[in-house]
Amino acid sequence: MQIKGKAFKFGDSISTDHIAPGRLFHLRTNLPELAKHVLEDADPEFAKKVQPGDLVVAGKNFGLGSSREHAPTIIKLAGVGVVLARSFARIFYRNAINVGLPVLICDTTQVDQDDELEVDIGKGEVRNITKGITIQAKPLPDVMVKILNDGGLLEHFRKHGGFALDA
Amino acid sequence: MGKTIVEKVLSEHSGVDAYAGDIVVAEIDAALVQDGTGPLAVQHLQKLGMEKAAKPERTVLFIDHAAPSPRKELSNAHKILRNFAAKTGAILSEVDEGVCHQRMVEDFMNPGEVLIGADSHTCTAGALAVFATGMGSTDVAIGIASGKTWLRVPETFKIYVTGEFKKGVYPKDLMLHFIGMIGADGATYKALEFCGPTINAMDMSGRFTLANMAVEAGAKAGLFNSDETTKGYLEERGRSDKWRPVSADEDALYERVYEIDVSDLEPTISCPHVVDNTKTIKEVEGTKADQVFIGTCTNGRIEDLRVVVQIMAGKSRNPDTRLLICPASKQVYLQAIEEGLLAKLITAGAAIINPGCGACVGVHAGILGDDEVCIATQNRNFQGRMGNPEAFIYLSSPAVAAATAIEGAIADPRKYL
Ligand code: SF4
């Protein structure tokens, strides 16, 4: 899977409250509407500016906080192709793969706002076209590759009639 | 080789000899969703054509985050849960029942079991030696329908606690101190196992507070031995037959061991906007507070309300500070009435909120104004958490919160004890 787009840079500790805040709780059953507010409390302009394929690039512990799957879902709905971070909170990471949003752990200090990036999810390669460098991401665990390749956990379950996570 | 609590519980539930790092498919004993995550879980199951619950009597759907509903979109979301319960026989926890995690331990969970919940603080039940962890709507939907989930068995950090708490210092202070020490991502993907003499002497309420906040260090679960205290808790709730001892083997392998002596621990506060931004009371004393909020799955139990009454008895809140108190569950609410606590709190100037999550998660009942400061007993102080990204949330024990309500600024509770 190849993704090409522009980097939107965020700092450390972007929580699920930044991504999908509790004050918009009533929009949780209206995901397209909620997606118009994605990451609003970290960058009020983000949802207006993001283009299909663009990347969210963050620091440490991205997605900490709540179990709300709405967070990765609306990042995906907003058109974001992949989220890169130095580390992810556990539940967010698992949710992202479940809903089919690619997430990669890599050294994001080598990416600045508006850099043009090209990402090969399979190889875990992040090419920073603007800077002319390649950053190697940590490979996704095998289980997660299987789920992501099936298009998320629901599709995985439908396709195999249950969990099919053995090698 | 010996096993940690997590390795034991997940081995039993997967039928394989599981150790940290293994991927297992485990049987789950119980599952929960709440009104923010449940509607999406139900919609996923509808899409899969699997609108069923493998264990309806232990599938609990909570209407607690927006209870009673403050707006029509949420009322409609609640209908999705009510319909699913009617169709599948799953248990519906209505608007009068309170916060999911408090009810799960009061009424549903037993030592050695596995619980998955579409709420990050599902780890609370770890205090009863349950492998309890938070997941998203998709994982829990599939867990509800199939009775199973996949898990990577986590490595465990052992937290060995010694010493006696000084007057005015509580398990909440210990947990805030610990998170400040290892960081909000210090235990990401790991299990925490709390043990040692201080933990053995701790009541269930304190253990729930610690287990509840395991996720604030990034952990997947926070576990305790099942001992005589656990047994007593189950006995009081008519479930003594469900008690069994659970503990790690002597030769279990831990990734890390932390030793903490609480003897010199001070009241500890977590400052905006991340939980690991902790300071001792001395460093923040005097910070003006517009609102004090006491409640939630972290510190909304009867033991917490008793401490608040102990500090506030015969006193009133500062006229410039609002005091909101929300018992975590109906059981806590009723007991607080029976013990006469609520009358005292109301007299002291508290507004009592019906059991639920509204203020904590910023949905209703306690939303902060711009630039306002709130001292809260919950587990999170993220920007926007209480409904307004322009506000500031400090986390503390119920004792600090009560002293703050009296003075109108962050205050040391020890002078009132
Ligand atoms: S009380 Fe707060 S932290 Fe606990 S379940 Fe409710 S919203 Fe979540």
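The shown structure was predicted, so the numbers you read here are calculated from the model rather than taken from an experiment.

A. Structural view of the site of the ligand. All names here are of chain B. Taken together, His65, Val99, His101, Asp119, His121, Thr296, Cys297, Cys357, Cys360, Val361, Asn379 and Arg385 make up the full set of residues near the ligand. Sorting the residues of the shell around the ligand by element identifies helix H11 (296-299) and helix H15 (358-361) as the ones contributing at least two each. Its residues placed into classes, the shell around the ligand shows 5 nonpolar, 5 polar and 2 charged. Looking at which domains feed residues into the shell around the ligand, each of domain 1 (5-261) and domain 2 (269-416) gives three or more.

B. Spatial organisation of the confidence of the model for chain B. The predicted model of chain B has a mean per-residue pLDDT of 98, with 100% of residues at 70 or higher. In the model output, the complex is listed with pTM 0.97 alongside ipTM 0.96.

C. Geometry of the packing of helix H4 (residues 70-77) of chain A against helix H5 (residues 90-98) of chain A. Residues and elements named next belong to chain A. For the pair H4 and H5, the least separation of the axes is 8 Å and the interaxial angle reads 50°. Taken together, H4 and H5 sit at an angle that is classed as oblique. Pair H4 / H5 crosses with right-handed handedness. Here Ala71, Pro72 and Ile75 of H4 come into contact with H5, specifically with Phe92, Asn95 and Ala96. Counted by class, the contact of H4 with H5 contains 5 nonpolar, 1 polar and no charged residues.

D. Quick look at the environment of Val292(B). For Val292(B), the location among the structural elements is in strand E14 (residues 291-295). Residues Val292(B) and Ala125(B) lie 167 residues apart in sequence; the distance between their C-alpha atoms is 26 Å.

E. Representation of the pairing of strand E2 (residues 30-34) of chain B in the model. Residues and elements named next belong to chain B. Across the 5 residues that make up E2, a large majority, 5, are buried. Burial of E2 is two-sided: the residues Ala30, Leu32 and Gln34 facing one way and the residues Ala31 and Val33 facing the other way are all buried. When E2 meets strand E3 (residues 59-62), the two strands line up parallel, connected through 4 bridges. When the sheet's bridge partners are listed, Leu32 is paired in E3 with Val60.

F. Seen up close, the packing of aromatic side chains. According to the stated counting rule, one finds 12 aromatic pairs over all chains in the structure shown. For the pair Phe62(A) and Phe92(A), a centre-to-centre distance of 5.2 Å together with 85° between the ring planes defines the contact as edge-to-face. Of this pair, Phe62(A) sits in the loop between strand E2 (55-58) and H4 while Phe92(A) sits in helix H5, and the two are 30 residues apart along the sequence. An identical accessibility class is assigned to Phe62(A) and Phe92(A); each is buried. When the centroid spacing of 5.3 Å and the interplanar angle of 70° are considered together, the rings of Phe208(B) and Tyr233(B) count as edge-to-face. Pair noted here: Phe208(B) is in helix H8 (residues 204-212) and Tyr233(B) is in helix H9 (residues 228-236), with a separation of 25 residues, a long-range link. The pair Phe208(B) / Tyr233(B) is uniform in exposure class, with both members buried. What links up through ring pairs into an aromatic cluster is the set Phe62(A), Phe88(A), Phe92(A), Tyr93(A) and Tyr189(B). Sitting over the face of the ring of Trp150(B), Arg94(A) holds its NZ or CZ atom 4.2 Å from the ring centroid. Here the guanidinium or amino end of Lys3(B) rests over the ring plane of Tyr19(B), the centre of that ring lying 5.1 Å away.

So, how was this worked out
- Residues numbered from 1 in each chain as written.
- Chains lettered and ligands numbered in written order.
- Predicted model: local features only at pLDDT ≥ 70, side-chain atom pairs only at ≥ 80, totals over all residues.
- Heavy atoms only, no water.
- Near = heavy atom within 4 Å.
- Helix = DSSP H or I, 4+ residues; strand = E, 2+ residues; numbered from the N terminus.
- Nonpolar A, V, L, I, M, F, W, Y, C, P; charged D, E, K, R; others polar.
- Domains from an automatic or database assignment.
- pLDDT = per-residue confidence, 0-100.
- Axes fitted to C-alpha atoms, helices over the stretch in contact; angles between N-to-C directions.
- Parallel < 35°, antiparallel > 145°, perpendicular 65-115°, else oblique.
- Left-handed = near helix turned anticlockwise from the far one by under 90°.
- Contact = heavy atoms within 4.5 Å.
- Buried < 20%, exposed > 50% of the residue type's maximum accessible area, 1.4 Å probe, protein only.
- Pairing = 2+ DSSP bridges.
- Phe/Tyr/Trp six-rings, centres within 6.5 Å; stacked < 30°, edge-to-face > 60°.
- Lys NZ or Arg CZ within 6 Å of the ring centre and 35° of its normal.

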